[in-house]
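A structural walkthrough
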Amino acid sequence: MAVVGKSTEKPVPINVLGAARTRAASIPDLLVDAQRIAATVSMGWHGRRMRGAGENFWQFRLHNNGESALGIDWRRSARDDNSYVREKEWDAAHTVWLWADASPNMQFQSTFGNSSKADRALLIALALAELLSRSGERIAWPRLSNPTASRDGATRLAVRLAATEQDDVFPEFESAKRFSDIVIVSDFSEPEEEVLQKLAPLFKRGLRGHLVEVIDPVEEDFPYTENTVFTHPQTGERITANRADAVAIDYRRAFLSRRDALIMAAKQHGWTYTISRTDSPATAALVKLHAAFAQSPRMGGAI
Amino acid sequence: MTGLLTFGAPLALAGLVLLPIIWWLLRVTPPRPELEIFPPLKILAKVLKNETTPRKTPWWLLALRMMLAAAIIFALADPILNPTAPLAKGEGPLVLVVDNGWTSQRIYEAQMRTAESLLSEAASNNQTVYVSAFIQETNSEIGPFYSATARQFLAAIKPVAATTNKKLAIAKLVSLIPENTTIAILSDGVATKDDEIAFKQFEKSKPSSLIWFASTETPFAAINNVANQAAALEIEIARFGTRSTPVTVTAFDARGRRVGEVTAGFGPGEMSTTARLTAPLELRNDIQYLTLQGERQAGATFVMDDNLKRKRVAILSGGDDEQANPILASTYYVRKALEPFADIVVPQARELSAALTEVLESRPSIIVMADIGVVPETDAPALDKWLQGGGILIRFAGPRLAAAASQDQFLPVFLREGERALGGSMSWTVPQEIAEFSRTSPFATLPIPQDVTVKRQVLAEPDPELARKTWASLTDGTPLVTADNRGKGSIVLFHVSPQATWSNLPISGSFVEMLRLVLSLSQTQSNGSVDAQNVSLNPWRIISPTGTITPAPGFAKPAQFTAAKKPVATYENPPGLYGNEDGAVALNLLASGTIFEAASVPKLNIPVEPRAYITSENKSLKGALLGLAAFLLLLDGLAMIWMARGRPNSHGAVLHKTALAALTAFAIVAATPMDHAFAQTNDAKNGDAEAIEAISKTRLAFIKSGNAQTDQVTLEGLQGLTLFLKDKTALEPADPVGIDPEVDELAFYPLLYWPIDPDAPMPSTLALENVDAYMQSGGSVLFDTRDQGSTSFSLTDDTSPATVRLREMLKNMNTPPLEPVPSDHVLTKSFYLLDDFPGRYKGSPLWVEQVLDTVSGQDRPVRTGDGVSPILITGNDLASAWALTPDGLALYPTEGSDPNQRIMALRSGVNIVMYMLTGNYKSDQVHIPSLLERLGQ
């Protein structure tokens, strides 16, 4: 069998951005369900259909005794004998931390994949950033940009990503506050213990996470048949399999059991887990992510 | 032959050149693996973590495989290991003396190997060589030779099935060799008489040295003698050396078939033992030679001559009333008693003198005379001569002997005139029983017959010798059996008659035993063997030096046998059987009491150097190397399994490979040529196709009468019945056939229709016998006299010719009692319910075997009874009524006014066929309604 895998160049975020925009355009505006993050109230673009701090008018109500007079809307009160208080609709902006793995591991593309994994990961992250910033959420990138809300958040993010040399270290998300959402796009192609060990601090902090597994088809299907030496793109470590097809079934079982373990862990902590194969369209994963953001989480107790 | 290691096919060693190539090939394979970048390596590593498959074949596996290849190449080169050490000092000419007596067979190879080595040394020392053997033809050349010629002469020296005469041989040798030689004696290690004197003669030729090769350790066993005792063959076996395992003697008959086998062991220090082969006399008679299993020399085989063979017994009787009623014949019981053990000769001549002459010509071992009064004077000398030569005359008393007792010279004792009656209405005495046999009697081993009483006997005159001559006596002391010697033979007199009239001895088991014992005392008198005086007999079957029985070789000369002394086995008179198949005398190598001793090193006044034979063989290492290769292959396979262990899901592939390797190993091991080819025996016989055709379908058959017209009608009738059967029943018979009972097999057909045609010739006896056998073994025959007018089977005169013919035919057959088919017979119910069985006529009843002892009651619609009647007789001409065209139209008119007669005839046929095929099945079936009722719904 001819060699199927190759290592690719690092993706240029700006170039990816265009594709990300295209894909994001096909996704409806993202409504981040912010009900459960009342404590991190912040100005946002979308009303929450209840009174609170915000810019848009919500309702007039009678002024109660003892209440501060500052809230009285005099113009309305002048029309009759009662004093009215003008209430505004509660606007809440949600902070979403994005991170796409850019390690050499990710710069892998097989003949079966449409793009390298790093490309795909960045694409998903930027498309998500586009969606979120379009709907006024605050997006952030660990060690790169703090939560900011702007219409062109994705563009800014792409520019900053291009300008900065990314390191491969798995981020700690130190600045992420409780009830922030984090999106980690990676291949998680390590034994589940190692992945879970990295994720454990994040689980503990009560963050709501979305794991996106970007995977090349060969990594999942293991189509190798002959005497093959496998090498790790990062460490250069080698393993020889005399008859690769003989281990295929075992490998697939191990690969899927790792994935199952991760999905199980994610579920336990109320996180979501999305898979994107580079031989299938990125949109599929985006739609799934969108749904994950939009639907009401089952995690109780936050509100 | 000088190197330590030689190769049978040294060119194959060129294959070693291939080793580096094999090395290179092993190094190169397996092909270089693909290098694949694989990010989830750690997951893969988890799965593959135990696999330590190296990218190159490990050095030890490489070495193993190289060894494997080298082993095979060396094995193909056929290496032979022959370690030799210098044997003789090269002083003067070498004189090789090979001891080639029969005891040397066991060490022949060692002798030859040693001799070859000696010759090789002599060749390298430029010595001339003398080659001689202890037993060789008188004028054979012994040298001096050069080494190459000597080899040819050495190759001609083979063990001989004879005992060496060393004294003579050495005397002759010494006269031929020069002085100052090196004498190498290749002794077989067994001492013979005069050894010391024989070897002393070497001093005369003044040799420089004498090398003594001996093999005293190699054990063997030999049969000294075989004695025929009453109950068993006693085989005397001597051994040489300490042989711990017991010896097994196998007896063979003249055709080389194993007759018996017995095993005997040697006690510690015992040099000879006796094996007892217990076998019936008849079986022992058949034994021609015995061999010791596992021994390959002439002494282990012992031939037996005709003295043990089946005896010939002539029976003479005085009366000539025997022929009419054999069971009353005077010789009937004697003949019955002796028949299993001997060949009975009965003279053709009626007249006694002629008969006696006739039987004496046939040289019987025993002549039995039953109640013969006086032997004719003219024949007395011939009979006496026969007796002197070892014949045994058995006489029985009787009225004639009793009358003429005093005149006869061929009696063991003097007899009183007349006989004595014991018991009876006018006597006080009672019939006497047989007393205990005396210890000296040949009958001593027999149990006392308790059931024998003697009512009448002839009495012996009192005589001092009487007690000695008496073999058996009655309880009152009067002799019953007396005997006396005549020369080598003897006369035995039974004082009773050979029939059961005087006593019941002849019909008792003891009688048989007594006669058998007398028989075992006798000798065989074959044509010119036993009492041959100075006859020269040609060798017939010879014991080869390896102990097998072979036809006589060319060098074997006729041997002189004298009555006094048997010849000794020599080179020209090898042991074996001399004579021909009619009678042979055995010449055996050893005599009773032979003890084998180890030969000692001769003590001479010249230096004698005892040496041992080169015992290690020229060992071919081919097998060992191939075995090593197979073992290495196995190791390789095991290594493959070991290396693949922990490699999941690959066991199948590895096992596959291992199985392949094992198969290869088997192929190498099995590469030795196989001689056994098994031919499938073809047991097809003539007529198989016809038989298969006949039995593959049920069909009706008739017996051809020989009259073409009758047969035509019968065939048409059976064809019609066949059509009707196909139409109405589940039976679909094939086309009917006509058969000839003389040649055709009848057993294939369930029913034979036999139309009796008085005009046709009477069937032959053979045909009738065949039909009878067919009927006895379960077949049924339907006889049809076709003459309804005369079916009474009475003895009146108005019987028709057909009935007369049928009677003639049935006279010679076993015909059971017959009856007309009773109304409750199964035949009336086997398919249709019928009252009678009409054919073309209506008047004749159908006769069947009478069913005896049947229960026939009101409540039973059919009588019980097993089996099918083997015979059915009718006179209604069934076949004519059955005869139909293929369209179902009748061919012949029926006699009678009943329009249903034809249909009833066909139904009769159906019932008969069904009865033949199903037997009494229907008689059980008629109970089914009541059975169902009893079962309850």
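Residues numbered from 1 in each chain as written. Chains lettered and ligands numbered in written order. Predicted model: local features only at pLDDT ≥ 70, side-chain atom pairs only at ≥ 80, totals over all residues.

1. With respect to the overall build of chain A
Going by this rule: To qualify as a helix, a DSSP run of H or I must reach at least 4 residues; to qualify as a strand, a run of E must reach at least 2; elements of each kind are numbered from the N terminus. With C-beta atoms placed from the backbone, a residue is buried if 20 or more other C-beta atoms are within 10 Å of its own, exposed if 12 or fewer are, and partly exposed between those counts. A pair of residues counts as a contact when their C-beta atoms, built from backbone coordinates, are within 7 Å of each other.
Within chain A, the secondary structure is distributed over eight helices and 13 strands. Out of the 303 residues in chain A, the part that is buried amounts to 40%. Intrachain contacts of chain A at a sequence separation of at least 6 include 76% that bridge at least 24 residues.

2. Some remarks on the overall build of chain B
Summing up its helical and strand segments, chain B has 24 helices and 40 strands in all. Relative to its full complement of 937 residues, chain B shows a buried share of 41%.

3. Quick word on the confidence of the model for chain B
Interpretation of this model should avoid reading the predicted coordinates in detail wherever pLDDT is low. Residue and element names in this part refer to chain B. Rule in force here: Every residue carries a pLDDT, the predictor's confidence in it, which falls somewhere between 0 and 100.
Of all residues in chain B, 84% attain a pLDDT of 70 or more, and the chain-wide mean is 79. Note that residues 525-533 has pLDDT below 50 and, in this model, 27 contacts with residues that lie over four places away or in other chains. Here residues 648-652 is modelled with pLDDT under 50, and outside its nearest four sequence neighbours on either side it reaches eight contacts, counting other chains as well. Complex prediction metrics read pTM 0.39 and ipTM 0.74.

4. Comments concerning the sheet that holds strand β5 (residues 129-133) of chain B
Residue and element names in this part refer to chain B. In plain terms, the rule: Any two strands are treated as partners once DSSP identifies two or more bridges connecting them. Every axis in this analysis is a line fitted to C-alpha atoms, fitted for helices over the stretch in contact. Angles between the N-to-C directions lie between 0 and 180 degrees.
Ordered by their spatial adjacency, five strands build an open sheet running β5-β4-β6-β7-β32, and the pairing between neighbours is parallel. What marks the edges here is a single partner per strand, and that holds for β5 and β32 (608-611). Mean inter-strand twist for the sheet, computed between neighbouring axes without regard to direction, equals 15 degrees. Pairing of strand β7 (residues 209-213) with β32 involves four bridges; the strand directions are parallel. Looking across to β32, one finds that L210 is bridged to V608. Those strands touched by helix α4 (residues 108-124) are β4 (94-98), β5, β6 (182-186) and β7, and its axis lies near 170 degrees from that of β4. Helix-sheet contacts for helix α5 (residues 147-156) involve β4 and β5, and the interaxial angle to β5 is about 5 degrees.

5. Re the interface of chain A and chain B
Applicable threshold: Just so you know the grouping, Ala, Val, Leu, Ile, Met, Phe, Trp, Tyr, Cys and Pro go in nonpolar, Asp, Glu, Lys and Arg go in charged, and all remaining residues, Gly too, go in polar.
Across the contact, 35 residues belong to chain A and 24 residues belong to chain B. Those elements that provide at least two residues to the side of chain A that touches chain B are β1 (5-7), β11 (228-231), β12 (238-241) and α7 (244-268) of chain A. At eight residues, the largest contribution of residues to the side of chain A that touches chain B is made by α7(A). Residues of the side of chain A that touches chain B, tallied by class, amount to 16 nonpolar, 10 polar and nine charged. Bridge analysis of β11(A) against strand β2 (residues 34-37) of chain B gives four bridges, and the strand direction is parallel. If you follow T228(A) over to β2(B), its bridge partner there is E34(B).

6. Quick look at the pairing of strand β36 (residues 751-755) of chain B
Residues and elements named next belong to chain B. In terms of burial, β36 is largely enclosed, as five of its five residues are buried. Side chains of β36 alternate between two faces, with L751, Y753 and P755 and L752 and W754 buried alike. With two bridges joining them, strand β34 (residues 699-703) and β36 adopt parallel strand pairing. Residue A701 lies in a different strand from β36, and its bridge partner there is L752.

7. Points about the sheet that holds strand β17 (residues 366-370) of chain B
Consider a sheet: its strands pair through backbone hydrogen bonds, and that pairing is either parallel or antiparallel. All names here are of chain B. Overall, mixed pairing links the seven strands, which are arranged β16-β15-β17-β18-β25-β24-β23 in an open sheet. On the outer flanks of this sheet lie β16 (342-345) and β23 (470-473), each paired with one strand and no other. In this sheet, neighbouring strand axes are inclined to one another by 15 degrees on average, regardless of whether the strands run parallel or antiparallel.

8. As for the confidence of the model for chain A
Residue and element names in this part refer to chain A. When pLDDT is averaged along chain A, the result is 77; 82% of the residues meet or exceed 70. Here residues 26-45 scores under 50 on pLDDT; set against residues more than four positions off or in separate chains, the count is 51 contacts. Low pLDDT, under 50, characterises residues 296-303; the predicted model gives this stretch 12 contacts beyond four residues in sequence or across chains.

9. Side note on the environment of I394(B)
The residue I394(B) is located in strand β18 (residues 392-396) in this model. C-alpha separation for the pair I394(B) and A314(B), spaced 80 residues apart in sequence, amounts to 10.0 Å.

10. A look at the packing of helix α5 (residues 192-204) of chain A against α7(A)
A pair of packed helices is characterised by two quantities: the angle between their axes and the separation of those axes. Residues and elements named next belong to chain A. Going by this rule: An angle below 35 degrees is treated as roughly parallel, one above 145 as roughly antiparallel, one from 65 to 115 as roughly perpendicular, and anything else as oblique. Handedness of each helix crossing follows the sense of rotation of the near helix against the far helix: counterclockwise by less than a right angle gives left-handed, clockwise gives right-handed.
Between α5 and α7, the least distance of the axes is 9 Å, while the angle of their chain directions is 25 degrees. The angle between the axes of α5 and α7 places the two elements in the roughly parallel class. Considering only the axes of α5 and α7, their crossing is right-handed. Contacts between α5 and α7 involve E192, V195 and L196 from the former and R258, A261, L262 and A265 from the latter. Residue classes in the contact of α5 with α7 are distributed as five nonpolar, no polar and two charged.

11. With respect to the pairing of strand β9 (residues 181-186) of chain A
Residue and element names in this part refer to chain A. Among the six residues of β9, six are classified as buried, and the element is accordingly described as predominantly covered. A two-sided burial pattern is seen for β9, the buried positions comprising D181, V183 and V185 on one face and I182, I184 and S186 on the other. Bridge count between strand β5 (residues 95-100) and β9: five bridges; the pairing is parallel. Bridged to L98 within β9 is V183.

12. Focus: helix α10 (residues 352-361) of chain B
Residue and element names in this part refer to chain B. Test applied: Comment: arc refers to directions from the helix axis out to C-beta atoms.
Within α10, the full set of buried residues consists of L352, A355, L356 and V359. The arc that holds the buried residues of α10, viewed along the axis, is 100 degrees, so those residues lie on one side. Turning to α10, the residues buried within the fold contact β15 (311-317), β16, β17 and α11 (380-388). Downstream of α10 by a residue or two, R363 has a phi angle that is positive, lying close to 50 degrees.

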